[in-house]
Amino acid sequence: MANVQKQFDQYHNQIKLRQEETILAEKRDIIRKKLKENLPKVFEDHDEENLVPEFCDQGSYEMGTGIKPLDGEYDIDQGVYFPTSKDNGTYAKDPVLLKERVHEALEGHTKDVCIRRPCVTVFYQKDGERVFHVDLAIYSDSSSNTDNTDYLAMGKRNSGDDYREWQRSNPTVLKDTFFRRFSNDEPARKQFRRVIRYMKRWKDLNFSSDGNNAPRGIGLTISAHEGFMPKYSDPITYKPDDLEALLGLVNYMVNSFFSITRNENGNLITVRRLTAYLPVEPNTDIYARMSDSQMQSFEDKLKNLKTALEKATSEVDTVEACKILASDKVLGDCFPIPTKEATAVVTKSAAVASSSNAG
Amino acid sequence: MQKHEALIILDLLKTDDSLQESELVPNVEGNTIAISGKVSIEGHKIKILLVLDPDFPRSLPYIFLQNGSEYEDLPHVLKENMVCYQTTEGIILDEKQPAEIIRWAIQKAVIVLADGKKGANWGDYADEFEVYWGYVSSSSIINLVNTTAKSHEVKLFKNGQKSYLAQSVGDVARYLHLDIDKVRQKFPIEERSAIFVLPVGTVIRPPRFDQPFWLVDELKRVIQPALDTLSVKQYKQYIKLNNSMSGTMVFALPRPSGGFSLFGVSYVSPEGNHPFSERGNSAKIQPIKVLREEASYILPRGGSKTAHSSKRVLLVGSGAVGGYVAHELVRAGVMNLTVVDSDKMSLENTFRHVLGNAYQGRPKASSMRDELNRKFPYADIVAIDTSIEQAVNDGLVRFSTFDLVISALGKPTTEIWLNEQAVKYAKVPILFGWVEPLGIGGHALLAQPGIKGCFKCLYSSIDPEDAMANRAAFAGKNQWFGKSLSGCGQLHTPYGSLDASRTANLMTQLALDSLTGKETKGMLLSWKGDSAEFLKQKYVLSERFKTSEEQLYHTRYLFASSACPICGRLPNI
Ligand SMILES: [Zn+2]
Ligand SMILES: [Zn+2]
């Protein structure tokens, strides 16, 4: 069995989204500034009380599981918390109204700002192409609510009343929940993050990003939270074995698919599903919006991934193992393939080394 | 306690009849309070005296019977008629309830006395026999003989001040860590004597301190059950053996709670007749207290009788870690220890070495031997003031003659050699222990011959570039930690006494588990310390340190490496 951990390390460095590397942080700060500057005037124009929001990073950016996008469209999640009650504030009846105010405050900042169901999105373009976007999730802050909980403004402009709601939400607790397992175990925590990134990159390689084609990143994170087990090539030194850990997770996911039969227009049909329930409120199933056929494709592609990883695992030759991993629908060409010569070099061990033992 | 507080207690006691007719005894010295009163025992009213120490109610009251009480001649009624109703250990008192403490004490004492009157607790006489015997004895002998179930002959070695009861002069010599000649010189008188073992279940009412001691007849009647178990030949032998004008006999009374109570009797017989012989009635006998210093009495049992005391352990390295290990092993009852170290005690070591500054400039191994001999009777320590390699070359150490080899050298190069000698050639278990710099932790590794997992495994990474890195290390590889205190010369890894003793604790537990056979596999145990100082000095930790202690414990059996040249080819167990 070839050891491909070095290649996994290099690959991870390639795909990982570093906070300081991106211009997203910069854009995020500009948006924060714009909102602070423009919102008082917007509220005044509408004869509403001026609400000063607080900001908080969210999503993979905050969790440290972000990857560089394949198509170059980076995104960042930003929480915007307003001190307004979801029960009796100005926007209690219609959360979309508050999103309109945010939209208005950012209008003209870029050509492209739109209200989507869970957020207000600011797109940035270059040469007519969208290059990245910032998702602003708008909240009614917990301090304004009697149950001390944050509520997310859901709904878009043309939504019916039923789709305009304040939804219980707990994004900050989410990160804690995901990482509680590894609070004292840094080697496992780091591998957990890496494996999530591998899955996300696999997703980008295998699914188009429109609609609900692809399993969402948060869904893959939940699946990893449920199914990831740390794997080491040496249980004493904690040298990681990312290939085994990734294969373990994929196996877990493949085995977690289940069949359900339902009556559709008088016909009984059996479909395959996988669930990913948020471990915090609102405890929804992240994969629920994927259609049956999208689900089927998800399962098929996961099985292909499993087959490829198993092949790589049993491959004796490092070069061959890397070739399998670097193929299009596995981990992609960012995965390095060493030369035959490089893998043939035998490291000569030192005759004298330092020791930290004392007695 | 002040008098007014005592009066409050007295009022509280009067609310029921646990102490009737209670009153303060006037004119008691100091802050001690005495209360007299009556208690009912099975319908009889007897007078008692409660004495409260100045620290009462944080201590139990003393309860005394009146002189001449019909209850005074019972078990648990000690000198001055004090009733022993509870040992002071293992209890906690609520000092806010002094009257309740007294009620509880009276209740317990009443039960003891009622049981005594009925004869229900006379077996307890045997448990406390040595206490009673102590009251009547005016001289003592020191016993070194491990009591067995059978009567047997022993010897008494004495001078004007001290007497040792032993099987042989060698036993006295070992106990005192002296040469045999020296013992003979110090204790020139040697007498033949015997220990008479009484049958299990024998009840003897001890002599009273306020009455004349037994006559020969009474003694003979009391110990007759022991004489009855002797063969005619033994009887003649033991009675004749001190066929002289004087002698000493020791009696072993089995205790219901286990072991024996020992008591001695000396006699003087001007005609040379043994008191137990036909014409021995005129002999004068005296009680003698037997001080218990025999190994079976004072050595720790460690949960497995005194099994440790027969094991032989080789300790290589008696620095900070080894020093603690040596002490803990002896404290646990490991008596046969060979200590090897070529170092001398130096000033740099003072604050982390168990010997402190007492032996400065002297060899570490023999200093350790002298210190252990000074502190622990029966310790049988051999010191070799050379390197272990030298000791082996000189034929002073053969690994296979030990039950366990322990290395606390902290020098992996030598230890890899030691590991091979022990597990591969001598087939003896070997235990290693070492500390890491600046308090980040320490480790203990036990390797068993014939089983996968040894010290070399730690230096057998599958990754060739890590061949020289300890796989268990908490410090990241390729960092140098030696601190030179005085320019060139000895380097000292910075760590403290607490780190050494924590590591020694892990090692001692593993050593004992290996010696008793409780642990038959190899094991790697690590403790994690605080990394603040380490990180402050810009050192880097290993991944292993960053995992949890539970995880480290969980993987304690998994340290074997398939790449190990020593044990790698052994089957997995
Ligand atoms: Zn008692
Ligand atoms: Zn080994």
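Residues numbered from 1 in each chain as written. Chains lettered and ligands numbered in written order. Predicted model: local features only at pLDDT ≥ 70, side-chain atom pairs only at ≥ 80, totals over all residues. Heavy atoms only, no water.

- An unreviewed UniProt entry lists chain A under the name Cyclic GMP-AMP synthase, from Larkinella punicea.
- Check the Catalytic activity (unreviewed entry) section of the UniProt entry for chain A; it says "GTP + ATP = 3',3'-cGAMP + 2 diphosphate". (UniProt positions renumbered as here; feature names shortened; annotations may be inferred.)

### Examining the interface of chain A and chain B
So, point 1. The partner chain B presents 42 residues to the 25 residues of chain A that form the contact.
So, point 2. Summed over both sides, the interface between chain A and chain B buries roughly 2700 Å², with carbon and sulfur atoms accounting for 52% of that surface.
So, point 3. Linking chain A to chain B there are five salt bridges.
So, point 4. For Lys239 of chain A, the salt bridge goes to Asp463 of chain B, with nearest N and O atoms at 3.8 Å.
So, point 5. Along the contact surface separating chain A from chain B lie 14 residue pairs in polar contact (both at pLDDT 80 or more).
So, point 6. Listing elements by their share of the side of chain A that touches chain B, those giving two or more residues are α6 (186-206) and β8 (232-234) of chain A.
So, point 7. Take the side of chain A that touches chain B: its biggest share by element is three residues, from α6 of chain A.
So, point 8. Tallied by class, residues from the side of chain A that touches chain B come to nine nonpolar, 10 polar and six charged. (Contact = heavy atoms within 4.5 Å. Buried area = accessible area lost by both parts, 1.4 Å probe. Salt bridge = Lys/Arg side-chain N within 4 Å of Asp/Glu carboxyl O. Polar contact = N/O pair within 3.5 Å; in protein donor to acceptor, adjacent residues only side chain to side chain. Helix = DSSP H or I, 4+ residues; strand = E, 2+ residues; numbered from the N terminus. Nonpolar A, V, L, I, M, F, W, Y, C, P; charged D, E, K, R; others polar.)

### So, the coordination of the zinc ion (ligand 2)
Residue and element names in this part refer to chain B.
So, point 1. Distances from the zinc ion (ligand 2) to its protein donors, Cys454 (SG), Cys457 (SG), Cys564 (SG) and Cys567 (SG), fall at 2.2 to 2.3 Å.
So, point 2. Geometry at the zinc ion (ligand 2) is tetrahedral, judged from its four donor atoms and the angles of 89 to 125° they form at the metal.
So, point 3. Donor residues binding the zinc ion (ligand 2) come from one chain and are separated in sequence as C-x2-C-x106-C-x2-C. A residue pair is termed long-range when its members are at least 10 positions apart, and Cys457 in the loop between β17 (441-447) and β18 (483-484) and Cys567 in the segment after α16 (549-554) qualify at 110 residues.
So, point 4. Judged by its relative accessible area of 0%, Cys457 is buried.
So, point 5. In this structure Cys567 comes out as buried when scored by relative accessible area, which is 3%. (Donors = N, O, S within 2.8 Å, 3.2 Å for Na, K, Ca; no water. Tetrahedral: all angles 85-135°; square planar, octahedral: opposite > 155°, others 65-115°. Buried < 20%, exposed > 50% of the residue type's maximum accessible area, 1.4 Å probe, protein only.)

### Side note on unusual backbone geometry
So, point 1. With an omega dihedral of 10°, the bond running from Glu281 of chain A to Pro282 of chain A counts as a cis peptide bond.
So, point 2. Locating Pro282 of chain A in the fold gives a position in the loop between β11 (267-273) and α9 (292-314).
So, point 3. Of the consecutive residues Phe56 of chain B and Pro57 of chain B, the connecting peptide bond is found in the cis state with omega at 5°.
So, point 4. Along the chain, Pro57 of chain B falls in the loop between β3 (44-52) and β4 (62-65).
So, point 5. We note that Asn27 of chain B has phi near 60°; this positive angle belongs to a residue other than glycine.

### Concerning the UniProt feature "domain: Cyclic GMP-AMP synthase DncV-like nucleotidyltransferase" (unreviewed entry) in chain A
So, point 1. According to UniProt, the feature "domain: Cyclic GMP-AMP synthase DncV-like nucleotidyltransferase" (unreviewed entry) maps to residues 53-139 of chain A in the numbering used here.
So, point 2. Helix makes up 20% of residues 53-139 of chain A and strand 41%, with an end-to-end C-alpha separation of 9 Å.

### Thoughts on the packing of aromatic side chains
Residues and elements named next belong to chain B.
So, point 1. Counted under the stated rule, the structure contains 43 aromatic pairs over all chains.
So, point 2. Ring plane angle 50° and centroid distance 5.6 Å describe the contact between Phe455 and Tyr459, whose orientation is recorded as tilted. Per residue, the accessibility class of Phe455 equals that of Tyr459, and both read buried.
So, point 3. Ring geometry for Phe534 against Tyr539: centres 5.3 Å apart, planes inclined by 35°, an arrangement best described as tilted. Both residues of the pair, Phe534 and Tyr539, belong to the buried class.
So, point 4. Sitting over the face of the ring of Tyr557, Lys521 holds its NZ or CZ atom 4.2 Å from the ring centroid. (Phe/Tyr/Trp six-rings, centres within 6.5 Å; stacked < 30°, edge-to-face > 60°. Lys NZ or Arg CZ within 6 Å of the ring centre and 35° of its normal.)

### What about the packing of helix α7 (residues 217-227) of chain A against helix α8 (residues 242-256) of chain A?
All names here are of chain A.
So, point 1. α8 packs onto α7 with a crossing angle of 100° between their chain directions and a minimal axis gap of 9 Å. Our classification of the angle between α7 and α8 gives roughly perpendicular. Contact with α7, carried on its side by Leu220, Ser223, Ala224, Glu226 and Gly227, involves Leu249, Tyr252 and Met253 of α8 and no other residues of that element.
So, point 2. A per-class count over the contact of α7 with α8 returns five nonpolar, two polar and one charged. (Axes fitted to C-alpha atoms, helices over the stretch in contact; angles between N-to-C directions. Parallel < 35°, antiparallel > 145°, perpendicular 65-115°, else oblique.)

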